[in-house]
Amino acid sequence: MASLKDQLGGLVYSTEHGDTCPDCRRPLAECACAEQAERGRLAELDGIVRIRRETSGRKGKGVTTLEGIPLPASELKALAKALKKRCGTGGAVKEGVVEIQGDHRELLKDELEKRGYRVRLAGG
């Protein structure tokens, strides 16, 4: 394990380049860490979209989550916007998982199957 000095002792800002990435130590304009993470996320997917209803940590309010959609982040946001509009509710995209407020599993399953995705209802 690295010492505390090594963990906290990285360059954060340079007057020559501006902000730097804490992972690769390159200027943020040249950093490719986010792109590599996105490619890694897409490579791990198996092509099946899993739909589940979750209530944990939400004070009993139900949220429908869509996991495993094989799209890059920008296209995933556009798809989430269309699905939220179809359901007539709000939601968000967090770390590659689309969250839509309320229980809309069947409606979302039908909509995603129309768009050509393999869909599986997960959870209880």
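Looking up the protein chain in an unreviewed UniProt entry gives the name Translation initiation factor 1 (eIF-1/SUI1), with the organism given as Halomonas ventosae. According to the UniProt record, the Sequence similarities (unreviewed entry) comment for the protein chain reads "Belongs to the SUI1 family."

Asker: When you look at helix α4 (residues 105–114) in this model, what are you seeing that I'm missing?
Answerer: Residues lying three or four places apart along an α-helix face the same way, a consequence of the helix completing one turn every 3.6 residues. For α4, the full list of buried residues reads L108, E111 and L112. One side of α4 holds all its buried residues, which, seen down the axis, span an arc of 95°. Looking at the buried side of α4, the elements it contacts are β3 (48–54), β4 (63–67), α3 (73–87), β6 (97–101) and β7 (118–121). Looking one or two residues past α4, G116 carries a phi angle of roughly 95°, positive in sign.

Asker: Sorry, what's going on with unusual backbone geometry here?
Answerer: With the exception of glycine, the majority of residues adopt a negative phi angle, and the majority of peptide bonds are in the trans configuration. In this model, E95 sits at a positive phi of 55°, which is unusual for a non-glycine residue. Structurally, the position occupied by E95 is in the loop between β5 (91–94) and β6. With relative accessibility at 80%, the residue E95 sits in the exposed group.

Asker: Is there a simple way to explain the sheet that holds β4 in this structure?
Answerer: Sheet strands line up and pair through hydrogen bonds in the backbone, either parallel or antiparallel. What the 5 strands build is an open sheet, ordered β5-β6-β4-β3-β7; its pairing is mixed. Two strands bound the open sheet, and with one partner strand each, they are β5 and β7. Adjacent strand axes in the sheet meet at a mean angle of 20°, parallel and antiparallel pairs treated alike. With 5 bridges joining them, β3 and β4 adopt antiparallel strand pairing. Looking across to β4, one finds that R53 is bridged to T64. Those strands touched by α4 are β3, β4, β6 and β7, and its axis lies near 165° from that of β3.

Reading the values: rules and limits
Residues numbered from 1 in each chain as written. Predicted model: local features only at pLDDT ≥ 70, side-chain atom pairs only at ≥ 80, totals over all residues. Heavy atoms only, no water. UniProt positions renumbered as here; feature names shortened; annotations may be inferred. Buried < 20%, exposed > 50% of the residue type's maximum accessible area, 1.4 Å probe, protein only. Helix = DSSP H or I, 4+ residues; strand = E, 2+ residues; numbered from the N terminus. Arc of directions from axis to C-beta. Contact = heavy atoms within 4.5 Å. Pairing = 2+ DSSP bridges. Axes fitted to C-alpha atoms, helices over the stretch in contact; angles between N-to-C directions.

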